[in-house]
Amino acid sequence: MYDHSGLQDILYMMLYSGAALYALIACIYILLRRSNAFSDSIDPPANLRRWAAAFLASIVLSHIWWPLLGTVVLRDNMLVRTILALMLDRLTFVPFMAILLLRILQDRKRPVWPVAIVLAPLVVIATLGIIHKDFDSELYIEYYTRICGIVFVLYYVFALWQYNRWLRDNYADLQHKEVWKSFILISLVTGVFIAYTSRFGGMTPEYVAQINTIIIVSFVICRVETLQTLDPGLQEEAVDVSPKGSRIDIGLLLEQYCESSGLYLQHDITLSQLAQAIGTNRTYLSQYFAQKGITYNSYINSLRIKHFIALFPKADAGSRASLQELAWQSGYRSYSTFSANFKAMCGINVSTWVRTAANK
């Protein structure tokens with residue numbers, strides 16, 4: 001007869017150890033590697049790499065102190081062992097996760113000190129639980145953490161909405177700034193917490209937590225390596241170079257210095273760069289687009305799509321290679337970004353449009 005419980009324990013320990021080892025390798029990679037493994041053209045924020053490494057290190061440490069406290073240090077005192085392990089997780093994994101998620105958003109420098117203040121009551125709860133030998137303190141820690149988690153998720157959804165609006169108001173190219181990836185990351189982290197705190201029997205929650213951890217580590221590497229450092233100059237107001245008291249016709253300036261000159265074809269052009277090019281500041285230019293009911297992103301990409309349509313007759317029988325070249329000539333670094341913008345503005349896929357246009 002096979003000892004299924006023993007085999008299950010072995011498999012789980014292999015998965016548990018594998019997740020910790022994977023997080024350790026990822027942490028070392030992010031700290032030591034200077035070049036980007038995904039694309040040489042992407043320069044990720046340095047502070048994001050450091051916080052990501054700290055977050056991955058907290059995963060490794062969490063996988064160490066749970067078995068260490070349980071089998072070596074406090075194996076005869078389950079109450080103190082559980083409370084200490086929970087507190088170590090809450091004071092490392094949780095704040096580093098929150099700060100990492102906040103640092104992904106580059107529209108403003110959000111303070112991180114509230115995270116420490118919010119977690120301070122957990123120390124009080126844990127200390128009182130150990131002193132008074134209160135077995136309910138574990139539940140109090142979990143309940144308080146859940147409340148904090150819900151509040152943070154709600155705040156983060158609002159922050160992502162702000163970030164997405166800021167991106168579309170200031171950038172024409174968004175291929176390395178996808179907001180949806182942050183939603184996935186916070187969902188995965190929430191899944192780990194739910195799995196660990198669930199009251200379901202068996203080892204299923206433990207397996208789910210470890211598999212989710214491996215996915216999180218992979219996702220953090222991908223997010224850190226593919227997030228381009230954004231222009232910090234967008235946080236500063238440009239100087240208005242127009243004559244004092246003069247009335248600027250921004251529409252005329254855009255037609256002259258952006259549309260007629262083909263400035264919109266410049267890769268990665270930002271709102272601040274366009275404002276400087278036409279002789280105004282980004283505030284006036286933002287207000288102009290708002291009054292027109294459009295964003296800077298939609299304005300630039302509409303010009304690029306029109307340019308692509310004008311260039312299409314020169315394509316070699318509509319081959320994908322030629323379409324990629326035309327997309328590049330139209331201002332796009334990424335063909336997938338071009339395809340998404342084309343569908344959003346024209347209402348059909350670029351391949352469908354190409355077939356229709358080629359038959360005319």
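Every value quoted in this text rests on a predicted model; they were computed, and no experiment measured them. (Residues numbered from 1 in each chain as written. Predicted model: local features only at pLDDT ≥ 70, side-chain atom pairs only at ≥ 80, totals over all residues. Heavy atoms only, no water.)

### So, the overall build of the protein chain
Quick note on the threshold: Under the DSSP-based scheme used, a helix requires at least four consecutive residues in state H or I and a strand at least two consecutive residues in state E, with every element numbered from the N terminus. The buried label goes to any residue with under 20% of its type's maximum accessible area, the exposed label to any with over 50%, and the partly exposed label to all in between, with areas taken from a 1.4 Å probe on protein chains only. The contact criterion used is simple: two residues touch if any of their non-hydrogen atoms lie within 4.5 Å. For accessible areas, the Shrake-Rupley method is used with a probe of radius 1.4 Å. Any residue's cover is judged against the shown protein chains and nothing else.
A count of helices and strands for the protein chain gives 14 helices and zero strands. In sequence order, the secondary structure elements of the protein chain are arranged as α-α-α-α-α-α-α-α-α-α-α-α-α-α. Here the protein chain, with 360 residues, has 44% of them falling under the buried criterion. If you take every contact in the protein chain between residues at least 6 apart in sequence, the share linking residues at least 24 apart comes to 73%. Looking at the protein chain as shown, the accessible area adds up to about 19500 Å², and 63% of this sits on carbon and sulfur atoms.

### A look at unusual backbone geometry
The phi dihedral of Lys133 falls on the positive side, at around 55°, and the residue is not glycine. By secondary structure assignment, the location of Lys133 is in the loop between helix H4 (113–132) and helix H5 (137–170). The phi dihedral of Asp268 falls on the positive side, at around 60°, and the residue is not glycine. Topologically, Asp268 is positioned in the loop between helix H8 (250–259) and helix H9 (271–278).

### Considerations on the packing of aromatic side chains
Filter applied, for reference: Centres within 6.5 Å are what make two rings of Phe, Tyr or Trp a pair, Trp counting through its six-membered ring; a difference in plane orientation under 30 degrees is then read as stacked, over 60 as edge-to-face, and the rest as tilted.
Applying the stated criterion to the full structure yields 20 aromatic pairs. With 5.1 Å between their ring centres and 40° between their planes, Phe289 and Tyr299 make a pair best called tilted. Here Phe289, found in helix H10 (residues 282–291), pairs with Tyr299, found in helix H11 (residues 296–311); they are ten residues apart in sequence, far enough to count as distant. Grouping residues by exposure puts Phe289 and Tyr299 together as buried. A ring pair is formed by Phe308 and Phe342, whose centres lie 6.0 Å apart and whose planes are at 80°; its orientation type is edge-to-face. Here Phe308, found in helix H11, pairs with Phe342, found in helix H13 (residues 335–346); they are 34 residues apart in sequence, far enough to count as distant. Just as Phe308 is buried, Phe342 falls in that class too. Members of the aromatic cluster, each reached through a chain of ring pairs, are Phe308, Phe312, Tyr332, Tyr335, Phe338, Phe342 and Trp353.

### A look at the pattern of salt bridges
Convention followed: Any Lys or Arg side-chain nitrogen located within 4 Å of an Asp or Glu carboxyl oxygen qualifies as a salt bridge.
If you walk through the whole model with that rule in mind, you get six salt bridges. Here Arg49 makes a salt bridge to Glu225, at a shortest N to O gap of 2.7 Å. Taken together, the residues span a long stretch of sequence, with Arg49 in helix H2 (residues 46–73) and Glu225 in helix H7 (residues 204–226) at a distance of 176 residues. The class of Glu225 is buried, set by a relative accessible area of 0%. Sharing partners across several salt bridges, the network here consists of Asp107, Arg108 and Arg110.

Nothing here speaks to function; it is geometry throughout.
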